[in-house]
Amino acid sequence: MASPSTVTNSSGSSLLQNSVSGEDLKAVMDQRKRKRRISNRESARRSRMRKQQHLDDLNSQLHQLREDNAKVSASLSLIAQHYFEVEAENSVLKIQSMELGNRLMALNDILHCCLTGSNAVSRGAFLHQSMEAGRGFGGAKHASILTSEAQRRIFLY
């Protein structure tokens with residue numbers, strides 16, 4: 001197959017073509033296949049390297065996110081604990097504020113009684129009764145008109 005081929009044209013003349021033999025064609029094709037295989041192997045190697053790098057980056061990110069999550073969780077726990085402490089203190093302060101408000105009303109009533117006479121004694125007794133009810137003394141059971149001794153005790157209270 002190393003001989004040149006002859007082609008006849010429409011006018012019937014034969015032309016001698018310099019063509020590549022079948023073996024030469026096969027060698028060229030094999031060379032192309034080898035180059036392609038080498039290129040594909042190199043491309044696959046680069047792809048595996050990129051994949052490994054991406055996996056390493058994801059693992060690093062996972063580790064960092066777990067650390068951040070632990071820090072946020074610990075911070076949240078401290079904040080929640082502080083919130084409950086402040087909430088408890090706020091409840092105590094509200095109760096103390098109510099008690100002080102009741103004391104102030106009783107003292108204002110006593111002062112009003114002292115300044116205006118015995119006219120407002122019944123109002124003072126009502127406030128004294130309210131104060132006792134707020135402190136758990138039994139409410140209406142202990143309602144009575146304030147005497148000067150009771151007024152003195154409330155004032156000192």
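Because the structure is a prediction, the values reported are computed rather than measured. (Residues numbered from 1 in each chain as written. Predicted model: local features only at pLDDT ≥ 70, side-chain atom pairs only at ≥ 80, totals over all residues. Heavy atoms only, no water.)

S.K.: What exactly am I supposed to notice about the overall build of the protein here?
M.R.: Helix and strand content of the protein: 3 helices and 2 strands. Taken from N to C terminus, the helices and strands of the protein fall in the order β-β-α-α-α. Going through the 157 residues of the protein one by one, you find that 11% of them count as buried. For the protein, contacts bridging at least 24 residues in sequence account for 26% of all contacts bridging at least 6. Working note: accessible area of the protein is about 13,100 Å², and carbon and sulfur atoms make up 58% of it. (Helix = DSSP H or I, 4+ residues; strand = E, 2+ residues; numbered from the N terminus. Buried < 20%, exposed > 50% of the residue type's maximum accessible area, 1.4 Å probe, protein only. Contact = heavy atoms within 4.5 Å. Areas by Shrake-Rupley, 256 points an atom, 1.4 Å probe, with all protein chains shown as cover.)

S.K.: Hey, could you run me through helix H1 (residues 22-116) in this one?
M.R.: What sets the pattern is the α-helix's 3.6 residues per turn: residues three or four places apart point alike. A rise of 1.5 Å per residue sets the reference length of H1, with its 95 residues, at 141 Å; its end C-alpha atoms lie 134 Å apart and thus fit the reference within 8%. Immediately downstream of H1, the backbone of Gly 117 shows phi near 105°, a positive value. (Expected span 1.5 Å × (residues − 1).)

S.K.: What is the right way to look at the packing of aromatic side chains in this model?
M.R.: Two measures describe an aromatic ring pair: the distance that separates the ring centres and the angle between the ring planes. Under the criterion given, the structure shown has 1 aromatic pair. Taken together, a centroid distance of 5.5 Å and an interplanar angle of 65° make the contact between Tyr 83 and Phe 84 edge-to-face. Relative accessible area serves as the criterion here: at 48%, Tyr 83 is assigned to the partly exposed category. On the basis of relative accessibility, which here comes to 56%, the residue Phe 84 falls in the exposed class. (Phe/Tyr/Trp six-rings, centres within 6.5 Å; stacked < 30°, edge-to-face > 60°.)

S.K.: Help me understand the pattern of salt bridges, please; the structure alone is not making it clear to me.
M.R.: Enumeration according to the criterion identifies 2 salt bridges in this entry. A salt bridge links Glu 42 to Arg 45, with the shortest nitrogen-to-oxygen separation between them at 2.2 Å. One end of the pair, Glu 42, and the other, Arg 45, are both in helix H1, 3 residues apart, so they sit about a helical turn from each other. Among the ionic pairs, Glu 42 bridges to Arg 46, the shortest N-O distance being 4.0 Å. Placement of both Glu 42 and Arg 46 in helix H1 is noted, with a separation of 4 residues, approximately one turn of the helix. (Salt bridge = Lys/Arg side-chain N within 4 Å of Asp/Glu carboxyl O.)

S.K.: So what exactly am I meant to see when it comes to a positive patch on the surface here?
M.R.: Together, Lys 26, Lys 33, Arg 34, Arg 37 and Arg 41 give the surface a local cluster of positive charge. With respect to the helices and strands, Arg 34 occurs in helix H1. The class for Arg 34 is partly exposed, based on a relative accessible area of 41%. (Patch = residues over 30% accessible without salt bridge, like charges linked within 9 Å, V, L, I, M, F, W, Y side chains within 5 Å. Lys, Arg positive; Asp, Glu negative; His and termini not counted. Charge placed at Lys NZ, Arg CZ, Asp CG, Glu CD.)

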